[in-house]
Amino acid sequence: MPSKLAEFEKHWAQRDDPHSFSGVWRFHDLLPFAPRDKCVTVGEGQTLLHQSDGAGKYAGMKLGRLFLQYEGMNPSGSFKDNGMSAAFTHARTVGARRAACASTGNTSASLALYCSVTRLMQAVIFVGSGKIAFGKLSQALDYGALTVQIAGDFDDAMARVQEITKELGIYLVNSVNPFRLEGQKTIMLRVLEALRWETPDWIIVPGGNLGNSSAFGKAFFELKELGLIDRIPRMAVINATGARTLYDLYEEQGVRWNEGKPNLPAVDAYCQDMDATGRRASTIASAIEINRPVNLMKCLRALQWTNGVVRHVSDQEILDAKAQVGAGGMGCEPASAASVAGAKRLVAEGVISPDERVVCILTGHQLKDPKATVAYHTTDQQQFNEVLGSRGVRRAAYANRAVAVANDKDEIIKAIRLYGSNM
Ligand SMILES: *Cc1c(COP(=O)(O)O)cnc(C)c1O
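Described in the following lines is the structure provided in the data block. Computed from a prediction, not measured in an experiment: that's the story for all the values here. (Residues numbered from 1 in each chain as written. Predicted model: local features only at pLDDT ≥ 70, side-chain atom pairs only at ≥ 80, totals over all residues. Heavy atoms only, no water.)

1. Comments concerning the sheet that holds strand β4 (residues 122-128)
Here's step 1: Pairing is parallel across the open sheet formed by four strands, whose spatial order is β5-β4-β3-β6. Lying at the two open borders of the sheet, with one neighbouring strand each, are β5 (146-150) and β6 (171-172).
Here's step 2: In this sheet, β5 lies alongside β4 in parallel orientation, the contact comprising five bridges. Along β5, the bridge assignment pairs Ile125 with Thr147. (Pairing = 2+ DSSP bridges. Helix = DSSP H or I, 4+ residues; strand = E, 2+ residues; numbered from the N terminus.)

Structure follows, in structure tokens:
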């Protein structure tokens, strides 16, 4: 027992020091690019690894073998804060006054938050029209970012922001920025730390622009090189069926990192065909609705280091998995649930065995995209069809339906007796 209250306070006494407080900067030894006195933190990376037997059972795993890494618990509600603290720190060291990104929503929410909290830079964010989830757009607007809504999709916004930042000398924080990936490596460090530095068998991560998967591979490669771990986990990157460039190239066409000489003509031909046929990414999981992942090459390298696999899952599988995650008490947005849907798929295929140790990354918070959640649980067929039916989703097997009841005490009590549990 502590003999004085001051002893409790000791635990907090260093909270102003990012190197004690931040879930990114406490691993500063592994992020040496950042000057110690310049590290920017808004409290990112205070995230937890939970054993989840509900999601584990759903995926077909044995009890105690599936873990969820809740990156939605970051200050802006997604894993992007891990990378933003690092990129933002670098931007500060080079004296940037403005920082920009193209975003499906979470990168812009994160950048806008860092800018408004620290007042070090102005945020300029580029979003495509119509696709951005409301939770994410509301953050950028609320935090006061200059928000440019382009008539086009994410890939269009990405192309424009690269041109314009170059021309105007604005610091670019998209995950083409290598410092973002440095910060995102710490997600794996915290996973390992939570497992008492025992390497899990699998890391499963949704794949969009492929920054996370690239960063994870790099983290494990470096830890192994440094002799801090003796084994690298396998990685599974999960695409949405409607946005499966990585899957097509890696699993269908057999494109590999190949010691730095990947089959680039195959990649170019794939992208040209996408343009020629007008094929565009389409999925409820807007955070991974991406045609041309900017970190494709780095991800191929990470897949080699981790003996990785790639799968794609449908919007139906994503939403069912999302409902199972939500029922465990700490929900996620649709893109995140692709990891759990991917675990289920890989267990069913026999690639993952039910007693292996699996960590699924939940990349974004449940409240980012409430429209998708409510539409899944609704009793209103029209609402279901508008949001989900148009994407080929046919059923909501795990819906928790609201009970409609008259404004009458006896009727309400009857409904509670009928539908409530006896817990
Ligand atoms: C950005 C994002 C992704 C995709 O991550 P990449 O690093 O681009 O592959 C997945 N889920 C959520 C919630 C995101 O915000």
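There is more to say after this.
2. Examining the packing of aromatic side chains
For any two aromatic rings, the description comes down to two numbers: the centre-to-centre distance and the angle of the planes.
Here's step 1: In this structure the tally under the stated criterion is five aromatic pairs.
Here's step 2: Relative to Tyr398, the ring of Tyr58 lies with its centre 5.6 Å away and its plane at 90°, an arrangement referred to as edge-to-face. Remark: Tyr398 occurs in the loop between α16 (381-387) and α17 (409-419) and Tyr58 occurs in helix α3 (residues 53-59); sequence separation between them is 340 residues.
Here's step 3: Since its relative accessible area comes to 12%, Tyr58 is described here as buried.
Here's step 4: The class of Tyr398 is partly exposed, set by a relative accessible area of 35%.
Here's step 5: For the pair Phe221 and Trp305, a centre-to-centre distance of 4.0 Å together with 15° between the ring planes defines the contact as stacked. Of the two residues, Phe221 is situated in helix α9 (residues 211-225) and Trp305 in helix α12 (residues 296-305); the sequence distance between them amounts to 84 residues.
Here's step 6: Residue Phe221 is classed as partly exposed on the basis of its relative accessible area of 28%. (Phe/Tyr/Trp six-rings, centres within 6.5 Å; stacked < 30°, edge-to-face > 60°. Buried < 20%, exposed > 50% of the residue type's maximum accessible area, 1.4 Å probe, protein only.)

3. A closer look at a nonpolar patch on the surface
Here's step 1: Taken together, the side chains of Val403, Val405, Ile412, Ile416, Leu418 and Tyr419 define a hydrophobic patch exposed on the protein surface, amounting to about 600 Å² of accessible area.
Here's step 2: As for its position among the elements, Val403 is in the loop between α16 and α17. (Patch = residues over 30% accessible without salt bridge, like charges linked within 9 Å, V, L, I, M, F, W, Y side chains within 5 Å. Areas by Shrake-Rupley, 256 points an atom, 1.4 Å probe, with all protein chains shown as cover. Salt bridge = Lys/Arg side-chain N within 4 Å of Asp/Glu carboxyl O.)

4. What about the site of the ligand?
Here's step 1: With respect to spatial proximity, 16 residues lie near the ligand, and among them Lys80, Asn106, Gly208, Asn209 and Thr363 are the closest.
Here's step 2: Lys80 is positioned such that a nitrogen or oxygen atom in its side chain is 2.6 Å from an oxygen atom of the ligand.
Here's step 3: With respect to the ligand, the backbone of Leu210 contributes an N or O atom lying 2.8 Å from an oxygen atom.
Here's step 4: Coverage of the ligand by the protein amounts to 96% of the 380 Å² it exposes when considered alone.
Here's step 5: The residue makeup of the shell around the ligand, split by class, is six nonpolar, eight polar and two charged. (Near = heavy atom within 4 Å. Polar contact = N/O pair within 3.5 Å; in protein donor to acceptor, adjacent residues only side chain to side chain. Nonpolar A, V, L, I, M, F, W, Y, C, P; charged D, E, K, R; others polar.)

5. What to know about the side chain of Ser339
Here's step 1: Mapping Ser339 onto the fold places it in helix α14 (residues 334-348).
Here's step 2: Separated by 3.2 Å, the side chain of Ser339 and the backbone oxygen of Ile361 make a polar contact.
Here's step 3: Not counting chain neighbours up to four residues away, the residues in contact with Ser339 comprise Ile204, Val205, Pro206, Ile238, Cys360, Ile361 and Leu362. (Contact = heavy atoms within 4.5 Å.)

6. Comments concerning the sheet that holds strand β9 (residues 309-313)
Here's step 1: Strand order across the open sheet formed by six strands is β1-β2-β10-β7-β8-β9, with mixed pairing between neighbours. With one partner strand each, in any of the chains shown, β1 (49-51) and β9 form the two edges of the open sheet. Across the sheet, the mean angle separating the axes of adjacent strands is 25° when strand polarity is ignored.
Here's step 2: Inspection of the sheet shows β1 paired to strand β2 (residues 66-70) by three bridges, in the antiparallel sense. The residue bridging Gln51 from the neighbouring strand is Phe67, located in β2.
Here's step 3: Against the sheet, helix α13 (residues 315-327) makes contact with β2, β8 (234-240), β9 and β10 (358-362), and its axis sits at roughly 95° relative to β9, the strand it touches most.
Here's step 4: Of the strands in this sheet, β2, β7 (202-206), β8, β9 and β10 touch α14, which is tilted by about 155° from β10. (Axes fitted to C-alpha atoms, helices over the stretch in contact; angles between N-to-C directions.)

7. Quick notes on the pairing of β4
Here's step 1: Of all seven residues making up β4, six are buried, and the element is well covered by its neighbours.
Here's step 2: Of the pairings in the sheet, the one linking strand β3 (residues 98-103) to β4 comprises six bridges and is parallel in character. Considered in β4, the bridge of Arg98 is made with Gln122.
Here's step 3: For the handedness criterion, the β-α-β arrangement of β3, helix α5 (residues 106-118) and β4 is classed as right-handed. (Right-handed = clockwise from strand over helix to strand, strands pointing away.)

8. Quick word on the environment of Leu30
Here's step 1: Considering the arrangement of structural elements, one finds Leu30 in the loop between α2 (18-21) and β1.
Here's step 2: Its relative accessible area of 25% is what places Leu30 among the partly exposed residues.
Here's step 3: Along the primary structure Leu30 and Glu182 are separated by 152 residues, whereas in three dimensions their C-alpha atoms are 8.8 Å apart.

9. Re the environment of Asp17
Here's step 1: Residue placement: Asp17 occurs in the loop between α1 (5-13) and α2.
Here's step 2: Placed 20 residues apart in sequence, Asp17 and Asp37 show a C-alpha to C-alpha distance of 9.5 Å.

Remember, this is a structural readout, not a statement about activity or role.
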